[in-house]
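Below are the chains, spelled out letter by letter.
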Amino acid sequence: MPSVWVSCKRLGVIPGRREATNVAVAASRLGNLPEAFTTFVGRRHDLAEVRRVLGSARLLTLTGAAGVGKTRLALEVAAASRKAFPDGTWLVDLAPVRDASAVAGAAATALGVPHLDVQQLARYLAGRRSLIVLDNCEHQVDACADLVTMLLSGGPEVRVLATSRQTLGIVGEHVYTVPVLSVSDEAVELLRDRVTAVRPEFRITDANWDTVSRLCAALDGLPLAIELTASRLRTLTVEQAADRMEDRFALLTGGSRTVRPQQRTLRAAIDWSYELCSPTERLLWNRLSVFAGGFGLDAAEDVCAGEGVAPHDVLDLLDRLVVQSIVLPTEEEGMPRYRLLETIREYGKEQLAGSGEEERLLRRHRDFCLALATRIADGWYGPGQEKALARLRVEHANLLAALDQDDDPQASLALAGALRYHWCVGGFLAEGQRRLERALAAAPEPTPARARALCAAAWAALLQGAYAAADRWLAEAGELGERQDDQVVRAHVVGLRGSLLSFQGRLPEAIQMFERAIVAHTAAEGEASALFDLFQLAAAQTHLGHSGAVKIARRAVALAEAHGERWARAHALWMVSQDAWTRGNPEEALAVIRAALEIERGFDDPLSTALMLESLAWITASLGEHERAARILGSVLKLWRDLGADDAAFGSPPSEDRTRCVESIVRALGREAYDRALSVGSGHDSPRTAIDQALDPGAQPVAQDAGPDPLTPRELEVALLVAQGMSNRQIATRLVLSLRTVDFHVANIRAKLGFRTRTQIAGWWVATQGPVE
């Protein structure tokens, strides 16, 4: 207002109250912002955060991928900020500016002073409190940086909000990366809003929600892609549009005639970004498209370097693609990673296919995956096992993509076999069995790769209770091992024969096999490779009541410690705990099984976690903590359900022990309280959280005082399903929501109730809402 009053006084006009109000309204509208033709959907957090940063930052650059909605967000922020800038909010559209020398002139013209040069423009803005939106800076970054530096230096009250696919790179610049829309909330709502504008009868219902969510996910939550899809839904059904996503660039055309040419089709938007890249940046973009789900720096360097891209240049090129919002930095399992939006990746795949490099890059991608898997498998019995499994988990999509290549069946077979620990320890048993069977069928030749893959297939079959299949695979592997004189294969066959006998309850025969396997493994690969057979020998002897079993288990623990190995060590400690419990020393048994589970927590292995937690439940019940023991049993039963198998198929401990444990709990608590505790205990979504709940007393359910529900109806619905023991993925399927939305709801529930674990949510439900049905 002060500047308005000064202007009036200079004109000799002193406004009255009504005139003052009109002047204030006029001041709030100073500028040239266009009126929006459509509603602004979602992005409440983004809008608030950008306005907050703009309150203190003099230059804020909105970056993000093509079509992510940078311009629309900037205009919405500017419109909402009019009152804070009495001297105007101004849009400078730089998209049509092709000459760097014309950037300053475009800004002056937009501000209504086309006759001013850049120095005069800076003086003109001095003393004015204005917001300038510099839109589409990416193709004139240097000129924009010079202009902004000049304007901010001359006008302390000036703020600049820039949009660009890369930052301006000047001192004092703040950056906000505009994310894609959340798929099941904002993206779905945007699609609904835009489709109803052209098809008023369009509705999103329970019947089509899943397809709509799938379509929005395929569109990466990109507003531009959603807007273009909405125009197609004049004539296509949602199902038809979703099914045509493989050719998304042909589908997503025909945008509004009022928008810039590069926003009328999805391809044009990506073309614009591609043209702004240097030739080597384009080359790397094309090559990065072979990765599925994400990649690490080492993978990019290994797969993409060569023939135009030097290995030492990959990091710099990758950084430049990040700056240009082509590549998105992220983090998985604590590891720094990168990813491409699927739309960006599909564009790169098209360019790669047309370059003649596709076959070579896909081969290098598979070779990288094979080398990674082989390195982990060959060095398994040593340090770094948890990190190795975590790496394989984050590469899961890449591993499957590599296995899907059909040009070299032997290479695919070698990869499937080398991933044996990923399949059998990392929790991907069913997937592993399918992949191994497919690879074995495609490559029947009697090669060393087949022999090792047969061993892996036999192990996966054993762990799923498919004993006949395991026996068949082992018979062929044994023949190949003998024919090829492969000591490693022969040792694996003997050890797995012992496992099969043990799972079938033929423990004396199993013991003989394990003793042979220990000798064979030690001769073939060294003493550390015999660790798991030592554990299995101790387990078989423990079940038969042999007094020397604990010595074998302790020997395995010591050997594992000497080699920095943790997986077999956890299993051996489990057997030491079993020995203490059977000797009537539950306190010692508890201490040792806790130590085993602390190690096991790092592996996220559902099978071993279920077996170890079973022992913990027995021990806990024998110490009189019956409710806690029941909750632990609930966790165990949930793990078996998630594995899709009965625990007896896995050679689990004798059922009479569980029977005695359950009987003691029911006697102490009563059947109703026992069932309730089982339900509460099933409130975990991974082996790791099951262990957290079992070991951390603070993670147990906390009763809440009755009162008004702090949760929304949808959150109550999610909380009930958590209490019923469903994982987030299962809840998403039940409620026809995206996994991301369910994650958001569960996080909100925890925050509102002050809880850390799902068990606490389940306990709250029982205490405040009643029994879980």
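Our subject in this report is the structure included herewith. What you see is a predicted model, and the numbers here were worked out from it, not measured in a lab.

### Points about the pattern of salt bridges
- Evaluation of the coordinates by the stated rule reveals 44 salt bridges.
- Two residues, aspartate 404 and arginine 435, come together in a salt bridge whose shortest N-O distance is 2.7 Å. Pair noted here: aspartate 404 is in the loop between α20 (396-403) and α21 (409-418) and arginine 435 is in helix α23 (residues 429-442), with a separation of 31 residues, a long-range link.
- Note on arginine 435: relative accessible area 10%, which makes it buried.

### A look at the packing of aromatic side chains
- For the structure shown, the criterion picks out 17 aromatic pairs.
- Relative to tryptophan 567, the ring of phenylalanine 532 has its centre 4.5 Å away and its plane inclined at 10°; by these criteria the two rings are stacked. Of the two residues, phenylalanine 532 is situated in helix α28 (residues 531-543) and tryptophan 567 in helix α30 (residues 567-582); the sequence distance between them amounts to 35 residues. You'll find phenylalanine 532 and tryptophan 567 in the same group, each marked buried.
- An aromatic cluster is built from Trp380, Tyr381, Tyr421, Trp459, Phe532, Phe535, Trp567, Trp574 and Phe603, whose rings are joined through pairwise contacts.

### Let's talk about the pairing of strand β7 (residues 335-339)
- The pairing of strand β6 (residues 328-332) with β7 spans five bridges and is antiparallel. By the bridge assignment, glutamate 331 is partnered in β7 with proline 336.
- Counting the residues in the hairpin turn of β6 and β7 gives two residues, including glutamate 333, whose phi is positive at 50°.

### Describing the sheet that holds strand β3 (residues 131-135)
- Reading across from one edge, β2-β3-β4-β1-β5 is the order of the five strands in this open sheet, with parallel pairing throughout. Edge positions in the sheet fall to β2 (89-93) and β5 (173-177), since each has one partner strand and no second. The sheet shows a mean angle of 20° between the axes of neighbouring strands, direction not considered.
- In terms of strand pairing, strand β1 (residues 59-63) meets β5 through five bridges, oriented parallel. The residue bridging leucine 62 from the neighbouring strand is tyrosine 176, located in β5.
- Relative to strand β4 (residues 159-163), helix α4 (residues 70-80) is tilted by about 160°, and along the sheet it contacts β1, β2, β3 and β4.

### Digging into the nonpolar core
- In terms of nonpolar packing, the biggest core is built from 121 residues, with Trp380, Tyr381 and Leu613 touching the most fellow members.
- Ignoring any residue separated from it by four or fewer positions in sequence, one finds tryptophan 380 in contact with Gln385, Leu389, Tyr421, Val425, Trp567 and Phe603.

### What to know about helix α26 (residues 487-503)
- In this model, α26 (17 residues) spans 24 Å end to end at C-alpha, consistent with the 24 Å of a helix rising 1.5 Å per residue.
- α26 sits mainly inside the fold: 13 of its 17 residues count as buried.
- Positive backbone phi, approximately 85°, marks glycine 505, located one or two places after α26.

### Observations regarding a negative patch on the surface
- Together, Glu301, Asp302, Asp367 and Asp408 give the surface a local cluster of negative charge.
- Within the fold, glutamate 301 resides in helix α15 (residues 297-304).
- Judged by relative accessible area, which is 31%, glutamate 301 ranks as partly exposed.

### Describing the environment of threonine 39
- Tracing the backbone through its elements, the reader meets threonine 39 in the loop between α2 (17-28) and α3 (44-54).
- Sequence separation of threonine 39 and leucine 190 is 151 residues, and the distance between their C-alpha atoms is 9.0 Å.
- In this structure threonine 39 touches Arg72, Asp193 and Arg194, once residues within four positions along its chain are discounted.
- A distance of 3.0 Å separates polar atoms of two side chains, one belonging to threonine 39 and the other to aspartate 193.

### Regarding the environment of leucine 544
- Within the secondary structure layout, leucine 544 lies in the loop between α28 and α29 (549-563).
- Judged by relative accessible area, leucine 544 falls into the partly exposed class, the value being 38%.
- Not counting residues within four places of it along the chain, the set of residues in contact with leucine 544 comprises Leu507, Pro508 and Ile511.

### Regarding unusual backbone geometry
- Phi is positive for aspartate 220, which is not a glycine, with a value near 65°.
- Relative to the helices and strands, aspartate 220 is located in the loop between α9 (209-218) and α10 (223-232).
- A relative accessible area of 12% places aspartate 220 in the buried class.
- One non-glycine residue, glutamate 307, adopts positive backbone phi at about 50°.
- Inspection of the secondary structure puts glutamate 307 in the loop between α15 and α16 (314-323).

Here is what the cut-offs are and how they apply
The residue numbers shown here count from 1 along each chain, following its written sequence. Selection of residues for local features in this predicted model requires a pLDDT of at least 70, selection of side-chain atom pairs for listing and counting requires 80 or more, and totals for whole chains, interfaces and linings are taken over all residues. Excluded from the side-chain calculations are hydrogens and water; all other atoms, namely the structure's heavy atoms, are used. Salt bridge, as applied in this entry: a Lys or Arg side-chain nitrogen positioned within 4 Å of an Asp or Glu carboxyl oxygen. Segments assigned H or I by DSSP are reported as helices when at least four residues long, segments assigned E as strands when at least two residues long, and all are numbered from the N terminus. Relative accessibility decides the category of a residue: with a 1.4 Å probe and only protein chains considered, values under 20% of the type maximum give buried, values over 50% give exposed, and everything between is partly exposed. Any pair of Phe, Tyr and Trp rings, taking the six-membered ring for Trp, is counted once the centres come within 6.5 Å. Such a pair is stacked with planes under 30 degrees apart, edge-to-face with planes over 60 apart, and tilted for the rest. Pairing between strands requires that DSSP locate at least two bridges from one strand to the other. Here an axis means a line fitted to C-alpha atoms, over the contact stretch when the element is a helix, while the angle between two N-to-C directions is reported on a 0 to 180 degree scale. In this analysis, two residues are considered to be in contact whenever any of their non-hydrogen atoms come within 4.5 Å of each other. What we call a nonpolar core is a set of buried Ala, Val, Leu, Ile, Met, Phe, Trp, Tyr and Cys residues that are connected through their side-chain atoms within 4.5 Å. One less than the number of residues in a helix, times 1.5 Å, gives the span that helix is expected to have. By definition, no residue in a patch forms a salt bridge, and every one has over 30% relative accessible area; like charges are joined within 9 Å, nonpolar side chains (Val, Leu, Ile, Met, Phe, Trp, Tyr) within 5 Å. For the accessible areas, the method is Shrake-Rupley and the probe is 1.4 Å, while residue cover comes only from the protein chains on display. A residue counts as positive if it is Lys or Arg and as negative if it is Asp or Glu; His and the chain ends are not included. Here the site of a charge means atom NZ of a Lys, CZ of an Arg, CG of an Asp or CD of a Glu. Side-chain atoms alone can form a polar contact between residues adjacent in sequence; in general such a contact is a pair of N or O atoms within 3.5 Å, and within protein one must be able to donate a hydrogen while the other accepts it.

Remember that the coordinates give geometry; whether it matters functionally is a separate question.
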